[in-house]
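Coordinates in review
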Amino acid sequence: MCGIVGYTGAGQAAPVLLDGLSKLEYRGYDSAGIAVRDGEAEPVIVKEKGRIADLKKKIGSEDNVIGTCGIGHTRWATHGAPSETNAHPHHSDDNAVVGVHNGIIENYEEIRAKLKKKGYEFYSQTDTECIIKLVDYYYKKYQETPIEAIARAILRVRGSYALCLMFADYPGEIFCARNGSPMIIGMTGEDAFVASDVPAILNYTRHVYYIDNMEMAHLKKGGVEFFNIDGDRIEKELVEIKWDAEAAEKGGYEHFMLKEIHEQPKAVEDTIHSVVKDGNRIDLSGVGLSEEEIKKISQIYIVACGSAYHVGVSSQYVLEDLAGIPVRVELASEFRYRSMPLLQDALAIIISQSGETADSLEALRKMKASGIKTLAIVNVVGSSIAREADHVFYTLAGPEIAVATTKAYSTQLVANDLLAIEFGRVRGLLTDEEAYRLVEEVKSIPEKIATILEDKNRIQWFASKFANAHDIFFIGRGIDYATCMEGSLKCKEISYIHSEAYAAGELKHGTISLVEEGTLVIGVCTQSEVFEKTVSNMVETASRGAYLMGLTTEDNYSLEDVARFTVFVPKVDEHFSTSLAVVPLQLLGYYISLARGLDVDKPRNLAKSVTVE
Ligand code: F6R
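Let me sum up the structure you'll find in this document. These numbers were taken from a predicted model, which means no experiment stands behind them.

1. Side note on the packing of helix H9 (residues 306-323) against helix H13 (residues 407-426)
In contact at an axis separation of 9 Å, H9 and H13 are set at 20° when each is read in the N-to-C sense. By the angle between their directions, the pair H9 and H13 is classed as roughly parallel. In this structure, the crossing between H9 and H13 has a hand that is right-handed. Side by side, H9 and H13 meet where Ser307, Ala308, His310, Val311, Ser314, Ser315, Val318, Leu319, Leu322 and Ala323 of the first sit next to Tyr409, Gln412, Leu413, Asn416, Asp417, Ala420, Ile421, Phe423 and Gly424 of the second.

2. Some points on the packing of helix H7 (residues 264-275) against helix H15 (residues 445-454)
The geometry of H7 relative to H15 is characterised by a closest axis approach of 8 Å and an angle of 175° between their N-to-C directions. On the basis of the axis angle, H7 is roughly antiparallel to H15. Along the contact surface, H7 presents Gln264, Pro265, Val268, Glu269 and Ile272, while H15 presents Ile445, Pro446, Ile449, Ala450 and Leu453. Here the contact of H7 with H15 is composed, by residue class, of 8 nonpolar, 1 polar and 1 charged.

3. Points about the sheet that holds strand S20 (residues 346-352)
Within the open sheet, the 5 strands sit side by side as S19-S18-S20-S21-S22. Their pairing is parallel. Of all strands in the sheet, those bounded by a partner on one side alone are strand S19 (327-331) and strand S22 (391-394). Mean inter-strand twist for the sheet, computed between neighbouring axes without regard to direction, equals 20°. Taken together, the 5 bridges between strand S18 (residues 299-304) and S20 define a ladder with parallel strand orientation. Along S20, the bridge assignment pairs isoleucine 302 with isoleucine 349. Against the sheet, H13 engages S18, S20, strand S21 (373-378) and S22, with an angle of about 160° to S20.

4. Brief notes about the site of the ligand
The environment of the ligand is made up of 14 residues, and the closest members are Ser352, Gln353, Ser354, Thr357 and Glu493. Measuring from an oxygen atom of the ligand, one finds a backbone N or O atom of serine 307 at 3.1 Å. Interatomic distance of 2.6 Å between a side-chain N/O atom of serine 352 and an oxygen atom of the ligand. With the chains in place, 90% of the 410 Å² that the ligand exposes on its own is no longer accessible. Assessed atom by atom at 2 Å from the grid points, the ligand resides in the largest pocket. Breaking the shell around the ligand down by element, the ones donating at least two residues are H9 and helix H17 (479-495). Grouping the amino acids of the shell around the ligand by side-chain chemistry returns 5 nonpolar, 7 polar and 2 charged.

About the thresholds
Residues numbered from 1 in each chain as written. Predicted model: local features only at pLDDT ≥ 70, side-chain atom pairs only at ≥ 80, totals over all residues. Heavy atoms only, no water. Axes fitted to C-alpha atoms, helices over the stretch in contact; angles between N-to-C directions. Helix = DSSP H or I, 4+ residues; strand = E, 2+ residues; numbered from the N terminus. Parallel < 35°, antiparallel > 145°, perpendicular 65-115°, else oblique. Left-handed = near helix turned anticlockwise from the far one by under 90°. Contact = heavy atoms within 4.5 Å. Nonpolar A, V, L, I, M, F, W, Y, C, P; charged D, E, K, R; others polar. Pairing = 2+ DSSP bridges. Near = heavy atom within 4 Å. Polar contact = N/O pair within 3.5 Å; in protein donor to acceptor, adjacent residues only side chain to side chain. Areas by Shrake-Rupley, 256 points an atom, 1.4 Å probe, with all protein chains shown as cover. 1 Å grid on protein atoms, 1.4 Å probe; cavity = no way out; pocket = protein on both sides within 12 Å on 5 of 7 lines; lining within 4 Å. Sits in = over half its atoms within 2 Å of the grid points.

The structure is reproduced here in structure tokens:
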């Protein structure tokens, strides 16, 4: 989604802004812009629809944007079409206030109407222009400091935002505020940085401050100060970012997605080792869940979006079976507007790679407000969901850049597997020996994923054969159905081929009428209890003309008698089979997208982190 970078210091701002924005490209955007100020001069604002490369072309020589203070933005259109006019930065009529903004101002129409009555004119359709002009209005009306005017404005607006402003009267200074959208401040020597996301400033500093909701910051050369909503100075803790800058580069792979698929063995192994100690003992002390708390859990609610939701669907089978706790899996965007009676001794598990997904964050807040204990499974340290949850299980996937998640998804799966095993042991459903054996199985996953990756050429061949498919159906039962949901999403989001995941037994209740000569049907069959049933459903589609691909575990060679192309993954305890079966499906999605010549890492209309509803 939208990205923000700001800089003030001893060097030139434009190169830092453009470099930072390019590091945020992976989040998805449709236009970009920068505003740079040279001392007391008016800011130079350059904006362009399209890519950062288009913006750079428009800027031409860096001599055209001289100055040591500036702000930049990549926009993902919400209010108003992608266009140069709607791109940020935006400005007040006389350029007294220039700014960029992430998030959504919900009452922007009301603000616009109020300001119009005061004589303001609007040139864009954006909510951003409204908030900038509101700050300008208060700044002039009350003759206040920028911090006071911003505080007044943010008390008036509803919504989520990260805001970065420059005031004509304060050369070399940047003012920021946030509520709901992420924002970090970095310092090194005389240089001060602000960004919506760590990769934007990782080339310059690894020491950052996180601003909390309804807090503000004032950056100038050599220093930064923080304020609460009352305008009082507050202290913030400097946090060291441990990410490796190299981890956010492609490292020889053609795309981030392929690199991240290959990073799965390590990401999964690191996540396992963060809680599995000597003797296969699972230690949740870092997560902060005590045995007493675990014993009391009467119900688990898993709430998430997209792929993280698919993790929840797969994990519900594992948690119910191993820990004996009933599980409900809810889409965060639905859950937040539902009045569902919640059991008080429940545990809510919120799963999120970014930790900033707006709907998941609101679902977490709703759970907390209802008195439910919350556990976040999150990848980004210091993200909003991680900070607001009662307990956090950090996945150690490292930075995930490709829009389509792979390694974060895989780490979320094993995090849930380990919770299920430990919950089962503590609650007496599993003996120590059984828990030990299951942990051994989980520990075998990284090496088995690596084995699957060695066979990727076969999948690439098959992908090129079906690169022009119209529809793809993924069918399976139980855990295999959950795997299908993720396989189908991976395929459609980056290849733009329509696909559906279907519980195999449901096909004949309607959907099978879509199957015709040559339709690709992928049957996932890793669960012995329902193996024969899914195979029968595959055969039903084949007799209506479907081309069958089978995905199963080694030893189930009979599937080759039914499917025209079969992929085998190593055997693992069947509770954990999604971790292996999903890998060929990730590769399939990747190679179909590649064969179609699409932008694999940045698929159209999508953003990496969905910080709006
Ligand atoms: C799909 C994908 C999305 C995310 C979803 C939730 O490949 O990446 O469906 O899983 O937007 O994002 P997080 O996990 O950041 O909350």
